[in-house]
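The residues making up each chain are set out below.
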Amino acid sequence: MARIDIRGDIVVNEYAKFYDWFKWDYTCPKKVSDIIDAATPDEPLDVYINSGGGFVSAGSEIYSILLSNRSRVNIHIESLAASAASIIAMAGRSEISPVGMLMIHNVSASASGDYHVMEKNAEILKQYNAALCASYCAKTGKKLDAMLEIMDRETWLTAEQAVKMGFVDRIMDTKEVEAVASEFGIRLTQADIERATAEMAKAETKAQEDESRKNNIMSDLDKYGV
């Protein structure tokens, strides 16, 4: 069995180094694809989810990666599968903890500009909703319009409701389930990125200086035959 953990924020691959720097939990598409590439072709892929979501593009990519291996994917919602994480939860046979929750909502984004830009972005968001809705419709068998309405209400579902509506196949058969709280949304701001980039640059400069000093010392020792 290959274990894939969907933990913390779901981010694009480019943000992984910043999350590593801050030692924050995160999931990116490369993490998932690397685990699958390392597994044998017939090895089961067990996906454990506890995430408040994140970048919809990253969530969609992970969903597609898992969907291409659907016959061996088993989804386990341990606590929360919200937003982009709920899309990933549609990628295979699934079960949810009795205390787990699923949340689906409209895609959101920020924009600036005149009314043409705002109208264009509103249209893009609606199209994105329809595109992502396909994952929910495929899993539940519900019609597009009905599912878009559920997304529009920002719907939070208990384990029982998620199973009843077809988003999840079954409730976990377990007596002891640990519910782990998960923060909602993306924590990484532009200021965080700039701070991490500066600190990483400092660390790299110091490492280079240390290496240079070491080489100079070794060179001096060689001169004296040490």
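What counts as what
Counting starts from 1 at the beginning of each chain's written sequence and moves along it residue by residue. Side-chain atom pairs in this predicted model are given and counted only at pLDDT of 80 or more, local residue features only at pLDDT of at least 70, and totals for whole chains, interfaces and linings cover all residues. Side-chain metrics rest on all non-hydrogen atoms present in the structure, leaving aside hydrogens and water. The secondary structure listing takes helices from DSSP runs of H or I that are at least 4 residues long and strands from runs of E that are at least 2 residues long, numbered from the N terminus. Residues are treated as being in contact if the distance between any of their heavy atoms lies within 4.5 Å. Among buried residues, the Ala, Val, Leu, Ile, Met, Phe, Trp, Tyr and Cys ones that are joined through side-chain atoms within 4.5 Å form a nonpolar core. Here the term buried applies to any residue with accessible area under 20% of the maximum for its type, exposed to any over 50%, and partly exposed to those in between, with areas from a 1.4 Å probe on protein chains only. Being paired, for any two strands, means DSSP has found at least two bridges between them. By convention, a crossover is right-handed whenever its connection, traced from the first strand over the helix to the second and viewed with the strands pointing away, goes clockwise. Every case where a carboxyl oxygen of Asp or Glu lies within 4 Å of a side-chain nitrogen of Lys or Arg is listed as a salt bridge. Note on aromatic contacts: the rings of Phe and Tyr and the six-membered ring of Trp form a pair at centre separations within 6.5 Å, being stacked when their planes are under 30 degrees apart, edge-to-face when over 60 apart, and tilted otherwise. Two residue types count as positive, namely Lys and Arg, and two as negative, namely Asp and Glu; His and chain ends fall outside the count. Contacts described as polar in this section are N or O atom pairs within 3.5 Å, which, within protein, must combine one atom able to donate a hydrogen with one able to accept it, while residues neighboring in sequence count only if both atoms come from side chains.

Asker: Would you mind going over the environment of Tyr15 with me for this structure?
Answerer: Looking at the element boundaries, Tyr15 is found in the loop between strand 1 (2-10) and helix 1 (16-22). Every residue in contact with Tyr15, bar those within four places of it in the chain, is listed here: Phe55, Leu188 and Ile193.

Asker: Teacher, can you tell me more about the nonpolar core here?
Answerer: The nonpolar side chains of soluble globular proteins are, as a tendency, buried together. Ranked by internal contacts, the top residues of the largest apolar core, which has 43 residues, are Ile6, Ile49, Leu66, Leu102 and Phe167. Those residues in contact with Phe167 that lie beyond four places of it in its chain are Met90, Ser94, Leu102, Ile104, Tyr136, Lys139, Thr140, Met147, Leu157 and Ala162. With ten residues, the next largest nonpolar core counts Ala16, Phe22, Tyr26 and Cys28 among its residues.

Asker: I keep staring at the pairing of strand 3 (residues 45-54) and nothing clicks. Help me out?
Answerer: Both faces of the sheet carry side chains from a regular strand, because those side chains alternate between them. Most of strand 3 sits out of view: nine of its ten residues are buried. Note that strand 1 and strand 3 share eight bridges and pair parallel. Each bridged residue has a counterpart across the sheet, and for Ala2 the counterpart in strand 3 is Leu45. Pairing between strand 3 and strand 4 (residues 73-82): six bridges, direction parallel. Residue pairing across strands places Asp46 opposite Asn74, the latter belonging to strand 4. Handedness of the crossover joining strand 3 and strand 4 through helix 3 (residues 56-67) is recorded here as right-handed.

Asker: Looking at this model, I keep getting lost on the pattern of salt bridges. Mind explaining?
Answerer: One side chain can pair with another of opposite charge once the charged atoms of both are near each other. Summed over all chains, the structure comprises eight salt bridges. Residues Glu95 and Arg170 are paired through a salt bridge, measuring 2.3 Å at the closest nitrogen-oxygen approach. With Glu95 in strand 5 (residues 93-96) and Arg170 in strand 8 (residues 170-171), this residue pair connects regions lying 75 residues apart in the sequence. Among the residues examined, Glu95 registers a relative accessible area of 15% and is labelled buried. Salt-bridge contacts for Glu199 lead to Lys202; the nearest nitrogen and oxygen are separated by 3.9 Å. On the criterion of helical spacing, the pair formed by Glu199 and Lys202 is a turn pair, its members being three residues apart in helix 8 (residues 190-223). A relative accessible area of 54% places Lys202 in the exposed class.

Asker: Looking at this model, I keep getting lost on the packing of aromatic side chains. Mind explaining?
Answerer: The relation between two aromatic rings is expressed through the spacing of the ring centres and the mutual angle of the planes. Scanning the model with the defined rule gives six aromatic pairs in all. Residues Tyr136 and Phe167 carry aromatic rings whose centres are separated by 5.9 Å and whose planes lie at 75° to one another, so their mutual orientation is edge-to-face. Here the residue Tyr136 occupies a position in helix 5 (residues 115-140), and Phe167 occupies one in the loop between helix 7 (159-164) and strand 8, the gap between them amounting to 31 residues. Pair check on accessibility: Tyr136 and Phe167 agree, each one buried.

Asker: Which parts of the structure should I look at to understand the side chain of Asp46?
Answerer: Position of Asp46 among the secondary structure elements: in strand 3. Among buried Asp, Glu, Lys and Arg side chains, Asp46 stands out as unpaired, with Arg93 the closest opposite charge at 7.8 Å. Reaching out from Asp46, the side chain makes a polar contact with the side chain of His76 at a distance of 2.6 Å. Not counting residues up to four positions away in its chain, the partners in contact with Asp46 are Met1, Ala2, Arg3, Ile4, Asn74 and His76.

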